[in-house]
Amino acid sequence: AGISIRDLRHQPQFDGAGSFSSNGLALVEKYDASGMNIKYGYINESGNYAFEQKFNNALDYADNGLAAVVDDTGKYGFINETGNYAITPQFDNETNFDENGFAAVEKEGMWGVIDSTGKYIIMPKYTYVLLKTVNPIDQNILAELFYGGD
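Notes on the structure in this doc start here. This is a predicted model, so every value here is computed, not measured.

Take the overall build of the protein chain next. The helix and strand tally for the protein chain stands at 1 helix and 13 strands. In sequence order, the secondary structure elements of the protein chain are arranged as α-β-β-β-β-β-β-β-β-β-β-β-β-β. Expressed as a percentage of its 150 residues, the buried residues of the protein chain come to 40%. Taking contacts inside the protein chain between residues at least 6 apart in sequence as the whole, the part at least 24 apart equals 24%.

Here we take up the sheet that holds strand β9 (residues 102–107). Spatially, β8-β9-β10-β11 is the arrangement adopted by the 4 strands of the open sheet, whose pairing is antiparallel. Each having just a single partner strand, β8 (93–94) and β11 (120–126) make up the two edges of the open sheet. In this sheet, β11 lies alongside strand β10 (residues 110–115) in antiparallel orientation, the contact comprising 3 bridges. When the bridges of β11 are listed, Ile114 appears paired with Tyr120.

Here Glu108, not a glycine, exhibits a phi torsion of approximately 55°, which is positive. The topology assignment puts Glu108 in the loop between β9 and β10.

As a further point, take the packing of aromatic side chains. Two descriptors summarise a pair of aromatic rings, namely the distance from one centre to the other and the angle between the planes of the rings. Within the structure shown, the criterion is met by 6 aromatic pairs. Residues Phe55 and Tyr85 carry aromatic rings whose centres are separated by 6.5 Å and whose planes lie at 85° to one another, so their mutual orientation is edge-to-face. Of this pair, Phe55 sits in the loop between β3 (38–43) and β4 (57–58) while Tyr85 is found in strand β7 (residues 85–91), placing the two residues 30 residues apart along the sequence. Through a chain of ring-to-ring contacts, three or more aromatic side chains come together here, namely Tyr42, Phe51 and Tyr61.

Residue position: Asp71 is located in the loop between β5 (67–70) and β6 (76–79). Contacts of Asp71, omitting those with residues within four sequence positions, involve Asn56, Tyr85 and Pro89.

Cut-off values and rules
- Residues numbered from 1 in each chain as written.
- Predicted model: local features only at pLDDT ≥ 70, side-chain atom pairs only at ≥ 80, totals over all residues.
- Heavy atoms only, no water.
- Helix = DSSP H or I, 4+ residues; strand = E, 2+ residues; numbered from the N terminus.
- Buried < 20%, exposed > 50% of the residue type's maximum accessible area, 1.4 Å probe, protein only.
- Contact = heavy atoms within 4.5 Å.
- Pairing = 2+ DSSP bridges.
- Phe/Tyr/Trp six-rings, centres within 6.5 Å; stacked < 30°, edge-to-face > 60°.

Listed below in C-alpha cells is the structure:
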C-alpha cells in the first residue's frame, strides 16, 4: 500500500513533504548538513527518490504530469514524471499548470500563458496574468490580463 505522507513527516529523512499526486509521486524537501541550503525532489509511494533530488524550488505535479521546478541558475521550467525537462528552464517565474493545461509564466518582467508543450498561448506582455477556468461552452475565457504602467 506504500507509505503515507503522515508516515513521512515522522521520519527524519525529509524536512517537508507534499501530498502524493495522481502519478504516485510526492514533493519532498531536505536541508543540507549546514541547515542553510534546501533541495527539492520527488519520492514514490515506497518513500524512495524517484530521481535525483536537485531542484532549488519545486511544486507538486499537475494533472498533466508536469511539475514546475527551479534549476541552479534560478530559471523555472517543467519536468515530466521521470525528472527530465519537458519545458526547458527559461522563465523568471511561473505557476503550475491548471486543470485546463495552461500555466502563467514570467519572462523579463512580463507575464504570458503557455500550454503543456511550452507553446505560448498568450505572449508575455502583461504585468500579471490570472488564469481562469475555461467555459466549456464557448471556450472564450482563458485568463484575466492586467496591464500596468502609464
